[in-house]
Amino acid sequence: MKHGQRDLAGAETLGRLVLEIRTRVLGAEHSDTLQSQNILASLFEEEGKYAEADPLFTRVIEVRQRVLGPKNPDTLDAIAHFGELRIDQARYTEAEAMLRGCLDIQKQTMPSDYRRYLTETLLGASLAGNHKYVEAEPLLVGGYEGIKQNAAAVSDLSRQKMKKSVNSSSSFTPRGTSLTKPPNGVKSWLKSRRCFRTRMQVVTMHRPSEPGYSRPDSFLLDD
């Protein structure tokens, strides 16, 4: 509720309290404790407190890999969140590596799950951050379409949070087309790329000026 009201400080206070109680009562490696760590890390990330978010995400991944296994959906979800943190830190190469590995497993173990498509969009964002636009576009478009098509499998709360992203992205370039002009929804979509969280990252379009680009009608993503 605090997060929905954009009271991030209040949400952080409650998150810290819940994590302290669960750690004391349930233990440091209980699944509920780890979920509280994951939520608190996400809040830190949204507040720009990357140094505080980093060790929490790392801890969640380490325990889940050891206890649940590297292919467990919760383990993969934590890796995707950590990849998103690396994108926010502009550490795109690191993000790309972990998100590729995560997506490869998700395609095998949970091919139709909305979380697989969320990872796909994050991988696309990491590639765009490294100016690999040709590779990024099909991932961004395909991930968006997959999330939209699998919206029925998402919880009511997550669906409400997704609605803003879907509505603002409805005019994104369809699959199979190229970025020869600015897609009407691309800027809004990339601003709300979290889908289930609300902090925005601005991405703009510009005409390419680098040597070697000869098409005057083409546009590029620029973070």
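Everything that follows concerns the structure shown earlier in this document.
What counts and how
For every chain, the first residue of its written sequence is number 1, and the numbers climb from 1 along that sequence. For this predicted model, a pLDDT threshold of at least 70 governs which residues receive local features, and a threshold of 80 or more governs which side-chain atom pairs are given and counted, while totals over whole chains, interfaces and linings are taken from all residues. Only hydrogens and water are set aside; all other atoms, that is, all heavy atoms of the structure, feed into the side-chain values. By definition, any uninterrupted DSSP run of H or I lasting at least four residues is a helix, any uninterrupted run of E lasting at least two residues is a strand, and each is numbered from the N terminus. Working definition: with a 1.4 Å probe on protein chains only, accessible area under 20% of the residue-type maximum means buried, over 50% means exposed, and in between means partly exposed. We call two residues contacting when some pair of their heavy atoms lies within 4.5 Å. Helix axes use the C-alpha atoms of the stretch in contact, all axes being lines fitted to C-alpha atoms, and the angles between their N-to-C directions lie in the range 0 to 180 degrees. The labels follow the angle: roughly parallel below 35 degrees, roughly antiparallel above 145, roughly perpendicular from 65 to 115, and oblique for the rest. Left-handed is the label given to a crossing in which the near helix is rotated counterclockwise from the far helix by less than a right angle, and right-handed is the label when the rotation is clockwise. Here the expected length of a helix is defined as 1.5 Å per residue gap, with one fewer gap than residues. Think of the arc as the fan of directions from the helix axis to the C-beta atoms. Any Lys or Arg side-chain nitrogen found within 4 Å of a carboxyl oxygen on Asp or Glu counts as a salt bridge. In this scheme, patches are assembled from residues that exceed 30% relative accessible area and form no salt bridge. Like charges are connected within 9 Å, while nonpolar side chains (Val, Leu, Ile, Met, Phe, Trp, Tyr) are connected within 5 Å. The accessible surface values rely on the Shrake-Rupley method and a 1.4 Å probe; as for residues, cover is taken only from the protein chains in view.

Draft legend 1. Summary view of the overall build of the protein chain. Scanning the protein chain from terminus to terminus reveals 9 helices and 2 strands. Secondary structure of the protein chain in N-to-C order comes out as α-α-α-α-α-α-α-α-α-β-β. For the protein chain, buried positions account for 48% of its 223 residues. Contacts spanning at least 24 positions in sequence make up 54% of the contacts within the protein chain whose residues lie at least 6 apart.

Draft legend 2. Structural context of the packing of helix H1 (residues 8-25) against helix H2 (residues 31-46). Closest axis-to-axis distance for the H1/H2 pair is 9 Å, and the angle between their directions is 155°. Classed by the angle they form, the pair H1 and H2 counts as roughly antiparallel. In this structure, the crossing between H1 and H2 has a hand that is left-handed. Here H1 contributes Leu8, Ala11, Glu12, Gly15, Arg16, Val18, Leu19, Arg22 and Thr23 to the contact with H2, which in turn contributes Asp32, Thr33, Ser36, Gln37, Leu40, Leu43, Phe44 and Glu46.

Draft legend 3. Highlighting helix H5 (residues 92-109). Taking 1.5 Å as the rise per residue, H5 with 18 residues should run 26 Å; its terminal C-alpha atoms sit 25 Å apart, in good agreement. Among the residues of H5, Tyr92, Ala95, Glu96, Leu99, Cys102, Leu103 and Gln106 are the ones counted as buried. All buried residues of H5 lie within an arc of 145° about the axis, which places them on one face of the element. With respect to the buried face of H5, the exposed residues turned more than 90 degrees away are Thr93, Ala97 and Gln108. Buried residues belonging to H5 abut helix H4 (73-88) and helix H6 (114-129).

Draft legend 4. Highlighting the pattern of salt bridges. Under the counting rule described, the total for this entry stands at 17 salt bridges. As a salt-bridge pair, Arg59 and Glu29 come within 3.9 Å of each other at their nearest N and O atoms. Pair noted here: Arg59 is in helix H3 (residues 50-67) and Glu29 is in the loop between H1 and H2, with a separation of 30 residues, a long-range link. Arg59 gets classed as partly exposed once you look at its relative accessible area, which sits at 30%. A residue is classified by how much of its surface remains accessible, and Glu29, at 36% relative accessible area, is partly exposed. A salt bridge links Glu94 to Arg86, with the nearest nitrogen and oxygen atoms 3.1 Å apart. Looking at Glu94, the relative accessible area reads 36%, which means it is partly exposed. Within this structure, Glu12, Arg16, Glu47, Lys49 and Glu52 form a network of salt bridges that share partners.

Draft legend 5. The arrangement of a nonpolar patch on the surface in detail. Nonpolar side chains collect at one region of the surface, where Leu14, Leu17, Ile21, Val25 and Leu26 lie side by side and expose about 430 Å² of accessible area between them. Since its relative accessible area comes to 39%, Leu26 is described here as partly exposed.

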